[in-house]
Amino acid sequence: MSVAHTDAAVKPSLTLKRRLNAPAEKVYAAWTDPQKIAKWFGPDAGPVTKADTDLRVGGRYTIAFQTENGDKHQVGGTYREIVPNQKLVFTWAWHTTPERESLVTITVKPDGAGSILTLQHEMFVDEAARDGHKRGWTGTLDKLEKLFA
């Protein structure tokens, strides 16, 4: 009897959902317009210092931000799939660890006068990376929710 060890190949992932008080078009624009990204991105009240997007499949994005404690971070990647006002799929890699590329999928679905945002982040190198990103994304989505409050 042989047992397949497929679980060893499964990388950690996380999924977060939020209901936002904004239509899908506005939520989508918050993820794709650099001027809008600068208003909310990052895990705490620290500022976004750079936001560039080349919104096309194969186009790249870069976001740099500073946390309240003064740490500077920069992330970037490539857009893999774009469905206006509905879905964005992009790679994700920190400037300091470009070899640790993961994948983010953002879906936005209308919900009455608002929308439901689902963020799925897959292919983490390990559970510690997933857990750190869960904290970061939770703070980031808190700020996005406040943007539309």
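The structure we're discussing is the one just above.
The sections below set out a description of the structure shown in this document. A quick note: this is a predicted structure, and the numbers were derived from the prediction, not measured. (Residues numbered from 1 in each chain as written. Predicted model: local features only at pLDDT ≥ 70, side-chain atom pairs only at ≥ 80, totals over all residues. Heavy atoms only, no water.)

### With respect to the packing of aromatic side chains
A complete count under the given rule lists 12 aromatic pairs for this structure. Pairing Phe65 with Trp94 gives two aromatic rings, centres 6.1 Å apart and planes at 65 degrees, and the pair type is edge-to-face. Taken together, the residues span a long stretch of sequence, with Phe65 in strand β3 (residues 60-66) and Trp94 in strand β5 (residues 87-94) at a distance of 29 residues. For Trp94, a relative accessible area of 22% gives the class partly exposed. Centroid distance Trp92 to Trp94: 5.4 Å. Interplanar angle 85 degrees. Geometry classified as edge-to-face. For Trp92, a relative accessible area of 3% puts it in the buried group. Here the aromatic residues Trp31, Trp40, Phe41, Phe65, Trp92, Trp94 and Trp137 are joined through ring pairs into a cluster of three or more. (Phe/Tyr/Trp six-rings, centres within 6.5 Å; stacked < 30°, edge-to-face > 60°. Helix = DSSP H or I, 4+ residues; strand = E, 2+ residues; numbered from the N terminus. Buried < 20%, exposed > 50% of the residue type's maximum accessible area, 1.4 Å probe, protein only.)

### Describing the pattern of salt bridges
Under the definition given, this model contains nine salt bridges. The residue Glu101 makes a salt bridge to Arg80 at a minimum N-O spacing of 3.7 Å. In this pair, Glu101 sits in the loop between β5 and β6 (102-111) while Arg80 sits in strand β4 (residues 72-83), placing the two residues 21 residues apart along the sequence. The shortest N-O distance in the salt bridge between Lys87 and Glu81 comes to 3.5 Å. In the salt-bridge network here, residues are joined through shared partners; they are Arg18, Asp142 and Glu145. (Salt bridge = Lys/Arg side-chain N within 4 Å of Asp/Glu carboxyl O.)

### A few points about the sheet that holds strand β7 (residues 114-122)
Taken in spatial order, the seven strands line up as β1-β7-β6-β5-β4-β3-β2 in an open sheet, and their pairing is antiparallel. Among the strands making up the open sheet, the edge pair consists of β1 (14-20) and β2 (48-53). Each adjacent strand pair in this sheet contributes to an overall mean axis angle of 20 degrees, direction not counted. In the packing of helix α3 (residues 127-147) onto the sheet, contacts are made with β1, β5, β6 and β7, and the angle to β1 comes to roughly 10 degrees. (Pairing = 2+ DSSP bridges. Axes fitted to C-alpha atoms, helices over the stretch in contact; angles between N-to-C directions. Contact = heavy atoms within 4.5 Å.)

Fair warning: the whole summary comes from geometry, so function is off the table for now.
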